[in-house]
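Tertiary structure, described
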Amino acid sequence: GGWYCFNRENCDTRYDTMRRLMSSREWPATRVGTGILSSQPEENPHWWNANMVFIPYCSSDVWSGASSKSEKNEYAFMGALIIQEVIKELVGRGLGTAKVLLLAGSSAGGTGVLLNVDRVAEQLEEMGYQGIQVRGLADSGWFLDNKQYRRTDCIDTITCAPTEAIRRGIRYWNGIVPERCRLQFKEGEEWNCFFGYKIYPTLRCPVFVVQWLFDEAQLTVDNVHLTGQPVQEGQWLYIQNLGRELRNTLKDVTASFAPACLSHEIITRNHWTDIQVKGTSLPRALHCWDRSLHESNRNGKNPLKGCPIHLVDSCPWPHCNPSCPTIRDQFTGQEMNVIQFLMHMGFDVQKMAQQQGLEPSKLLGMLSSGN
């Protein structure tokens, strides 16, 4: 992950300030895998001994570009081609004998999974490896093309509405979207395929979607900035509505894990085992999904009993799930509990209790226990 840039100006800025996202020149020689990339069973109970390949992000094109550097364009955008080349190389290093290939990514990498998973499956089939089951795991890359809280002009990457940024980006990167999704939309409307709920129904490969209901990156592009000032009522309603909208888009997603937390990215965090939805942790849900795909390949049966894979929180506001990651005050760095956080967000206990038909003290008790 790491956002994108979509014109000469903001790519120049990105090159000056975040070089590691534009070039591999300054990358470290080694990295330690964390979360789902960890080789420690305590941190990664089900896949600690899997073969893992980490592909860092330097193409700034949401893994979709296919354009080389030219007279006209100072930068090359080759995200889609990088993935193809990595797959080609891995086939000679043992991938050819694999049973399952799980293409996983976070943030822009999560959207990249949605854009590339079917293309990877097709590539392997064309190379004669029909036996490899290709699956996707998209973390924090399921964005909404909703109305911003405050509309702003498309000046830089952060304030530009995602639809407009992607529309410009596709042209600049010569971005590729999967054929089946492209055919759903008119020419010039390919940007739709960067939004999870629009591309998901067109995908052939099974994909597990992990998405915080109150994703910080989504709130940023929607111009909701939670900066120490109490949130105004309009913002508070907007945030709750965002959770509702996101929950709706996941209704028909077979395998999903969506906690009601304010956060961004999870699968490579070392606390990824701690978050639960309806009593099930993310590694367990993924393991259930993995097993159910093995089983259904064998006999086409229903999901495994006691092994839930559609896990979406139903409580309505940020951090109403008690297993959410710790929140820190952006200015003081102090940890906050749920009640402090909600007060800080301008949450009106009296009014909320009234709306829910509860005593304020009962509501506070429910909040702190996370019911």
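Residues numbered from 1 in each chain as written. Predicted model: local features only at pLDDT ≥ 70, side-chain atom pairs only at ≥ 80, totals over all residues. Heavy atoms only, no water.

It is worth spelling out helix α2 (residues 79–91) at this point. Over its 13 residues, α2 extends 19 Å from the first C-alpha to the last, a length consistent with the 18 Å expected when each residue adds 1.5 Å. Residues of α2 that are buried include every one of Gly79, Ala80, Ile83, Val86, Ile87, Leu90 and Val91, and no others. Viewed end-on, α2 has its buried residues packed into an arc of 135 degrees, placing them on one side of the element. Elements that come into contact with the buried residues of α2 comprise β1 (100–106) and α3 (108–126). (Helix = DSSP H or I, 4+ residues; strand = E, 2+ residues; numbered from the N terminus. Expected span 1.5 Å × (residues − 1). Buried < 20%, exposed > 50% of the residue type's maximum accessible area, 1.4 Å probe, protein only. Arc of directions from axis to C-beta. Contact = heavy atoms within 4.5 Å.)

Splitting the protein by domain gives domain 1 (8–332) and domain 2 (337–370). On a C-alpha basis, the centroid separation for the pair domain 1 and domain 2 is 32 Å. (Domains from an automatic or database assignment.)

This part is about the sheet that holds strand β3 (residues 207–210). Spatially, β1-β2-β3-β5-β9 is the arrangement adopted by the five strands of the open sheet, whose pairing is parallel. Two strands bound the open sheet, and with one partner strand each, they are β1 and β9 (310–312). Sheet twist, expressed as the mean angle between neighbouring strand axes with direction ignored, is 15 degrees. Bridge count between β1 and strand β2 (residues 133–139): seven bridges; the pairing is parallel. Looking at the pairing, Leu102 lines up with Arg135 of β2. (Pairing = 2+ DSSP bridges. Axes fitted to C-alpha atoms, helices over the stretch in contact; angles between N-to-C directions.)

Glancing now at the packing of aromatic side chains. Per the stated rule, a full pass over the model turns up twelve aromatic pairs. When the ring of Tyr15 is compared with that of Tyr75, the centres are 6.1 Å apart and the planes differ by 50 degrees; the resulting orientation is tilted. With Tyr15 in helix α1 (residues 8–17) and Tyr75 in the loop between α1 and α2, this pair connects stretches of sequence that are 60 residues apart. Arranged with centres 5.1 Å apart and planes meeting at 55 degrees, the rings of Phe77 and Tyr172 form a pair that is tilted. In this pair, Phe77 is assigned in the loop between α1 and α2 and Tyr172 in helix α4 (residues 162–173), connecting sequence segments 95 residues apart. Classification of Phe77 as buried rests on a relative accessible area of 1%. An aromatic cluster of at least three residues, connected via ring pairs, comprises Trp3, Tyr4, Phe6, Trp173 and Phe194. Arg19 extends its terminal NZ or CZ atom over the ring of Tyr15, reaching a point 3.8 Å from the ring centre. Directly above the aromatic system of Trp27 lies the positively charged group of Arg31, at a separation of 5.9 Å from the ring centroid. (Phe/Tyr/Trp six-rings, centres within 6.5 Å; stacked < 30°, edge-to-face > 60°. Lys NZ or Arg CZ within 6 Å of the ring centre and 35° of its normal.)

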